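Read off the chains here:
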Amino acid sequence: MNDYRIDTKCVQAGYRPGNGEPRQIPIIQSTTFKYDTSEDMGKLFDLEAEGYFYSRLQNPTNDYVAAKIAALEGGSAAMLTSSGQAANFFALFNICECGSHIVSSSSIYGGTFNLLSVTMAKMGIQVTFVSPDCTEQELDAAFQENTRAVFGETIANPALTVLDIEKFAQAAHRHGVPLIVDNTFPTPVNCRPIEWGADIVTHSTTKYMDGHGAAVGGAVVDSGRFDWMAHKEKFPGLCTPDESYHGIIYAEKFGMGGAFITKCTSQLMRDLGCVQSPQSAFLLNLGLESLHVRMARHVENGQAVAEFLQSHPKVAYVNYSGLPESPYYERAKKYLPQGGCGVVSFELKGGRAAAEVFMEHLKLAAIETHVADARTCCLNPATSTHRQMNEEQLAAAGVPAGLVRTSCGLEDKADLIADLAQALEAI
Ligand SMILES: *Cc1c(COP(=O)(O)O)cnc(C)c1O
């Protein structure tokens, strides 16, 4: 399947039915699997044979879909998780432990920011945030002896900054650690971070991959290119015996291509259990089958809406990397030549009061905290997700009270623009 183009992989990678088998991925709705002898099952527990024994660790439906996502990203292996939050936690915690340190772009999803700065801090894992636009020197200065990973988002949610993936990858590699990139917003259709040097890619499949607002989920993809053994002292979990698995050394037994995901499945999924249900994996695959068709339309609508807003007298500014006015325009041309995504944010000149009137008058775009599905939605963070903050705190967080985030769906762009125009008119 690897020789095919990405559109073909969206439709067909991951699952190749045999003679007389179901054409569509079967939903294996079974918690457990039956064996003839204890010996047969024992081999699975020892990781000596491939197969399934309990759906908390692995399930065939999930594995078909994970294999498709691995193929789309150009990775060596992948796994599904119950959510994007779980994917980012697993990707980091698979190589970090109490006493480790992470370098992260400061421009990331709020949930991930909390995960890193609050919850992982309680586990004794420290983080240093750097601007996604920092210089190479500033980036180098953020590393410590105990740094184990670098983290960033290709297109950040909600700030819509674009990560200089090559720069972050080179810095990570200079310091002997992997770069983990959350590629949720562009999806592999618009950017494949591994091609730019990223080592691990994560997804909230809840967004464009599912694409229909139907199932919460996540994925972790390993490039198979990071040489754990070359930095053995930093990654004892991968490079020294795992006593909970009969002394297996993951990096030796499964090599660069398999060690990361095998450890992540057999330790973290076993112990933390953030598994995706086979039903959700099936729905996710339906989304993936049309991802390449949908992304082009999300981008087309996002670009048209951004251009409309950019020229509107009641709009102060627009964030969208497809606009020549955007500070990320050049970087986006390099990393996102086919466009980024359908999410656009803009500030209304009239501030909070204008935003309230605008939101009230929307007819087609729904008010939701969600982004990145087929139906257009809008959010005013100051009156919803960020409502505990006062005006000054909002400004400091880069979320002024008049900011509106629009996730352009798959509707006709003329209808979307007409809806926004009439709501702007009402201000
Ligand atoms: C939504 C989102 C997440 C979290 O994913 P969930 O599926 O909601 O847990 C992580 N990263 C990014 C970039 C997101 O947009």
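Residues numbered from 1 in each chain as written. Predicted model: local features only at pLDDT ≥ 70, side-chain atom pairs only at ≥ 80, totals over all residues. Heavy atoms only, no water.

> Explain the layout of surface pockets here, please?
A probe matching the size of a water molecule, rolled over the atoms, marks out where space remains unfilled. If you add up the space inside the second largest pocket, you get close to 790 Å³. By residue class, the composition of the lining of the second largest pocket is 19 nonpolar, 12 polar and 3 charged. (1 Å grid on protein atoms, 1.4 Å probe; cavity = no way out; pocket = protein on both sides within 12 Å on 5 of 7 lines; lining within 4 Å. Points joined across faces, edges and corners; volume = space filled by probe spheres on them. Nonpolar A, V, L, I, M, F, W, Y, C, P; charged D, E, K, R; others polar.)

> Looking at this structure, how should I read the packing of helix H12 (residues 278–289) against helix H13 (residues 291–310)?
Two measures define how a pair of helices packs: the angle their axes make with one another and the distance between the axes. Interhelical geometry of H12 versus H13 gives an angle of 65° and a closest axis separation of 5 Å. In this structure, H12 uses Gly287, Leu288 and Glu289 to contact H13, whose residues at the interface are Leu291, His292 and Arg294. Looking at the contact of H12 with H13 residue by residue, the classes come out as 2 nonpolar, 2 polar and 2 charged. (Axes fitted to C-alpha atoms, helices over the stretch in contact; angles between N-to-C directions. Helix = DSSP H or I, 4+ residues; strand = E, 2+ residues; numbered from the N terminus. Contact = heavy atoms within 4.5 Å.)

> When you look at the environment of Glu138 in this model, what are you seeing that I'm missing?
Tracing the backbone shows Glu138 in helix H6 (residues 136–141). Judged by relative accessible area, which is 47%, Glu138 ranks as partly exposed. Considered as a pair, Glu138 and Gln126 are 12 residues apart in the sequence and their alpha carbons are 18 Å apart. (Buried < 20%, exposed > 50% of the residue type's maximum accessible area, 1.4 Å probe, protein only.)

> I would appreciate a short explanation of the site of the ligand in the present structure.
Neighbouring residues of the ligand: 14 residues in total, closest Asn157, Asp182, Ser204, Thr206 and Lys207. Between Gln85 and the ligand, the recorded distance is 2.9 Å, taken from a backbone N or O atom to an oxygen atom. Taking 380 Å² as the accessible area of the ligand by itself, protein coverage stands at 92%. The dominant element in the shell around the ligand, judged by the number of residues it contributes, is helix H4 (residues 84–93), at 3 residues. By residue class, the composition of the shell around the ligand is 2 nonpolar, 9 polar and 3 charged. (Near = heavy atom within 4 Å. Polar contact = N/O pair within 3.5 Å; in protein donor to acceptor, adjacent residues only side chain to side chain. Areas by Shrake-Rupley, 256 points an atom, 1.4 Å probe, with all protein chains shown as cover.)

> For this particular structure, what's the right way to read empty space enclosed by the protein?
On inspection of all chains with the given rule, the structure shows 2 cavities of 30 Å³ or more. One number sums up the size of the largest cavity: a volume of about 40 Å³. Ile155, Leu160, Tyr320, Ser321, Gly340, Cys341 and Val343 are the residues that line the largest cavity. Here the residues of the lining of the largest cavity are counted per class, giving 5 nonpolar, 2 polar and no charged. Of the voids in this model, the second largest cavity is the one considered here, and its volume is about 30 Å³. The wall of the second largest cavity is formed by Gly51, Tyr52, Phe53, Tyr54, Leu57 and Gln58.

> Could you clarify how one ought to interpret the sheet that holds strand S3 (residues 126–130) in this entry?
Paired through backbone hydrogen bonds, the strands of a sheet run either parallel or antiparallel to each other. Strand order across the open sheet formed by 7 strands is S1-S7-S6-S5-S4-S2-S3, with mixed pairing between neighbours. In this open sheet, the two edge strands, each paired with only one partner strand, are strand S1 (77–81) and S3. Recorded for the sheet is a direction-independent mean angle of 20° between the axes of neighbouring strands. In this sheet, strand S6 (residues 200–204) lies alongside strand S5 (residues 179–182) in parallel orientation, the contact comprising 3 bridges. Each residue of the ladder has a partner; that of Val181, found in S6, is Val201. Seen against the sheet, H4 touches S1, strand S2 (101–105), strand S4 (147–153), S5, S6 and strand S7 (218–222) and runs at an angle of roughly 160° to S6. (Pairing = 2+ DSSP bridges.)

> Hey, could you run me through the nonpolar core in this one?
With 92 residues, the main nonpolar core has Ile69, Leu179, Trp228 and Leu238 as its most contacted residues. Among the elements that make up this core, the one with the highest residue count is helix H11 (residues 255–272) (6 residues). Among the domains, domain 1 (28–287) and domain 2 (291–425) are the pair contributing at least three residues each to this core. Residues within four places of Leu179 in sequence aside, it is in contact with Val150, Phe151, Ile165, Phe168, Ala169, Ala172, Ala198, Asp199 and Ile200. Val299, Val305, Phe308 and Ala354 belong to the second-largest nonpolar core, a separate cluster that totals 25 residues. (Core = buried A, V, L, I, M, F, W, Y, C linked by side-chain atoms within 4.5 Å. Domains from an automatic or database assignment.)

> Would you mind showing me how to read the environment of Leu394 here?
Looking at where Leu394 falls in the secondary structure, it is placed in helix H16 (residues 391–396). Taking C-alpha positions, Leu394 is 9.1 Å from Pro381, a pair spaced 13 residues apart along the chain. Leaving out residues up to four positions away in the same chain, Leu394 has contacts with Arg352, Ala382, His386, Met389, Val399, Pro400 and Ala401.

> Please explain the domain arrangement of the protein as it appears in this structure.
How large an interface is tends to be reported as the accessible area lost when its parts come together. Under the domain assignment, the protein is made up of domain 1 (28–287) and domain 2 (291–425). On a C-alpha basis, the centres of domain 1 and domain 2 stand 30 Å from each other. Opposite the 30 residues of domain 1 that make contact, domain 2 presents 30 residues. Of the roughly 2,600 Å² buried between domain 1 and domain 2 on both sides combined, carbon and sulfur atoms contribute 59%. Here Glu166 makes a salt bridge to Lys334, at a shortest N to O gap of 2.6 Å. Seen at the junction of domain 1 and domain 2, the total is 18 residue pairs in polar contact (both at pLDDT 80 or more). The class makeup of the residues in the side of domain 1 that touches domain 2 is 15 nonpolar, 9 polar and 6 charged. (Buried area = accessible area lost by both parts, 1.4 Å probe. Salt bridge = Lys/Arg side-chain N within 4 Å of Asp/Glu carboxyl O.)

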